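Tertiary structure, described
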Amino acid sequence: MPKSLSTLLTDENLREAGISQNDLSLISGLSHTYLTSLRSGKIQRPGRDKIIPVSIALNLSFEETNHLLAEHGMLPLQEADIKLFVAVSKKRMIRGHQPLFDNINFDLLLISLESLDGELVVVSNKPTAVLRDPAQITFMDKRDGITDPTYLRFREELARERRGILDERLEKFKMSYLLCHHCLEEYLSEAKKDEEEYAYVQRHVETLVEYLRHPNFRLSLTTQCPALLFEIKTLPGSAESEKHYKVFYIGHINRKHGTPEADGSHCRPYERLYGFATDSLKIATHFKNEYDSLMEKCLLKGTSGDDAARYIKGLL
Ligand SMILES: [Zn+2]
């Protein structure tokens, strides 16, 4: 658990977090001079507007950020902080390797990636969470026994933010969405066992159908499961060599097994690496190849209209 900012920002901890002071400054928006003063412990009582950006840059979990705030005599995270989280995430650059842990930083890193200009490719084994109704996004969290109202508010607001970004980006850029049709069917049939869950899943899939009407939203249904779940953002450049790629690798998330913590806590900081975000061209190339080979195994390729809608409606 983090102690104070000066302890967190030692060279050793920064190295472990895989972040240079330069990146820390760029992500947090705090000047080098200010960060140096923080590191030396010269600033004893930094405001939450300074603590939170550092916490985001270091990918701290919800719980860890609360510990850090408490360490500096501040109140725990509250709804009013969400705006700052979003603002810092939108400015954050994806560079090098940024680890992805199970927590709100998952959503925050997605906000960083998805708010960039450029085409988006999403490869998934079920409808992406951004198409869930933000008002219902905490349905599964609540089922998992999460009760912290602030955490749930964060989840909801970040989902709303991601949906807003999707709508705004779709006006200018294409989104290609690749989904395994077996998984889609399974997602629906599994939920049918439980009325409440089915209503939630049905709403999710109906939203997917609604998005098919958007000319920039293209869906491809594959006959094979993707081995890797990821998003690739292609930052525009006039020539291929000028393009930049940002990759968000999600890995495989299996929440079906395992019991909650004995103390009922929902945050399991640094327990499991879920994936990473990177701007490495080499890694982007591998993921693009994976995407291309999956595109060859498509039932419905690059569909944005009636065919896919009819197909999916038939599953409901
Ligand atoms: Zn599948």
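Calculation criteria
- Residues numbered from 1 in each chain as written.
- Predicted model: local features only at pLDDT ≥ 70, side-chain atom pairs only at ≥ 80, totals over all residues.
- Helix = DSSP H or I, 4+ residues; strand = E, 2+ residues; numbered from the N terminus.
- Rg over C-alpha atoms; globule rule 2.2 N^0.38 Å.
- Buried ≥ 20, exposed ≤ 12 C-beta atoms within 10 Å, placed from the backbone.
- Contact = placed C-beta atoms within 7 Å.
- Pairing = 2+ DSSP bridges.
- Core = buried A, V, L, I, M, F, W, Y, C linked by C-beta atoms within 7 Å.
- Domains from an automatic or database assignment.
- Nonpolar A, V, L, I, M, F, W, Y, C, P; charged D, E, K, R; others polar.
- Axes fitted to C-alpha atoms, helices over the stretch in contact; angles between N-to-C directions.
- Parallel < 35°, antiparallel > 145°, perpendicular 65-115°, else oblique.

Okay, the overall build of the protein next. If you tally the helices and strands in the protein, you get 14 helices and 8 strands. The C-alpha atoms of the protein give a radius of gyration of 20 Å, which matches the 20 Å a tight globule of 316 residues would have. With respect to the principal axes defined by its C-alpha atoms, the protein has extents near 65 × 50 × 30 Å. Scored against the burial criterion, the 316 residues of the protein give a buried share of 34%. Contacts spanning at least 24 positions in sequence make up 76% of the contacts within the protein whose residues lie at least 6 apart.

Now for the pairing of strand E2 (residues 119-124). As paired elements, E2 and strand E5 (residues 230-235) share 5 bridges and run antiparallel to each other. Across the sheet, Val 121 pairs through a bridge with Ile 232, a residue of E5. Where E2 and strand E3 (residues 175-180) come together, 5 bridges link them in parallel fashion. If you follow Val 122 over to E3, its bridge partner there is Tyr 177.

What follows is about helix H8 (residues 104-114). An α-helical turn contains 3.6 residues, so any two residues separated by three or four positions project in the same direction. For H8, a buried count of 10 out of 11 residues is recorded, marking the element as mostly surrounded by other parts of the structure. Those residues of H8 lying buried are Ile 104, Asn 105, Asp 107, Leu 108, Leu 109, Leu 110, Ile 111, Ser 112, Leu 113 and Glu 114.

Right, let's talk about the nonpolar core for a bit. Phe 230, Val 247, Phe 248 and Ala 277 are the most contacted members of the largest nonpolar core, which totals 68 residues. At 6 residues, the largest contribution of residues to this core is made by H8. In this structure, this core is formed jointly by two domains, domain 1 (1-77) and domain 2 (88-315), each of which donates at least three residues. Sequence-distant contacts of Val 247, that is, excluding residues within four places in its chain, are made with Phe 230, Ile 232, Ala 277, Thr 278, Ile 283, Ala 284 and Phe 287.

So, on to the domain arrangement of the protein. As far as domains go, the protein holds domain 1 (1-77) and domain 2 (88-315). The partner domain 2 presents 19 residues to the 14 residues of domain 1 that form the contact. Breaking the side of domain 1 that touches domain 2 down by element, the ones donating at least two residues are helix H3 (21-28), helix H5 (48-57) and helix H6 (62-71). Per-element accounting of the side of domain 1 that touches domain 2 gives the leading share, 4 residues, to H3. Looking at side-chain class alone, the side of domain 1 that touches domain 2 contains 6 nonpolar, 5 polar and 3 charged residues.

Another point: the environment of Ser 28. For Ser 28, the location among the structural elements is in helix H3. For Ser 28, a count of 23 C-beta atoms within 10 Å translates into the label buried. Taking C-alpha positions, Ser 28 is 30 Å from Ser 124, a pair spaced 96 residues apart along the chain. Sequence-distant contacts of Ser 28, that is, excluding residues within four places in its chain, are made with Pro 53, Val 54, Ala 57 and Val 88.

The next point concerns unusual backbone geometry. Notably, Asn 59 is not glycine yet its phi reads approximately 60°, a positive angle. Take Asn 59: it is sitting in the loop between H5 and H6. The class for Asn 59 is buried, based on 23 C-beta atoms found within 10 Å.

Let's shift gears to the environment of Asn 125. Tracing the chain through its elements places Asn 125 in the loop between E2 and helix H9 (139-143). On the basis of neighbour count, Asn 125 is assigned to the buried category, with 21 C-beta atoms found within 10 Å. Not counting chain neighbours up to four residues away, the residues in contact with Asn 125 comprise Cys 180, Cys 183, Cys 225, Pro 226 and Leu 229.

Describing two packed helices takes the angle between their axes plus the distance from one axis to the other. Where helix H11 (residues 181-191) meets helix H12 (residues 195-211), the closest approach of the two axes is 8 Å, and the angle between their N-to-C directions is 150°. As summarised for this structure, H11 and H12 are arranged roughly antiparallel, according to the angle between their axes. Side by side, H11 and H12 meet where Tyr 187, Leu 188 and Ala 191 of the first sit next to Glu 197, Tyr 198, Val 201 and Val 205 of the second. Considered class by class, the residues forming the contact of H11 with H12 number 6 nonpolar, no polar and 1 charged.

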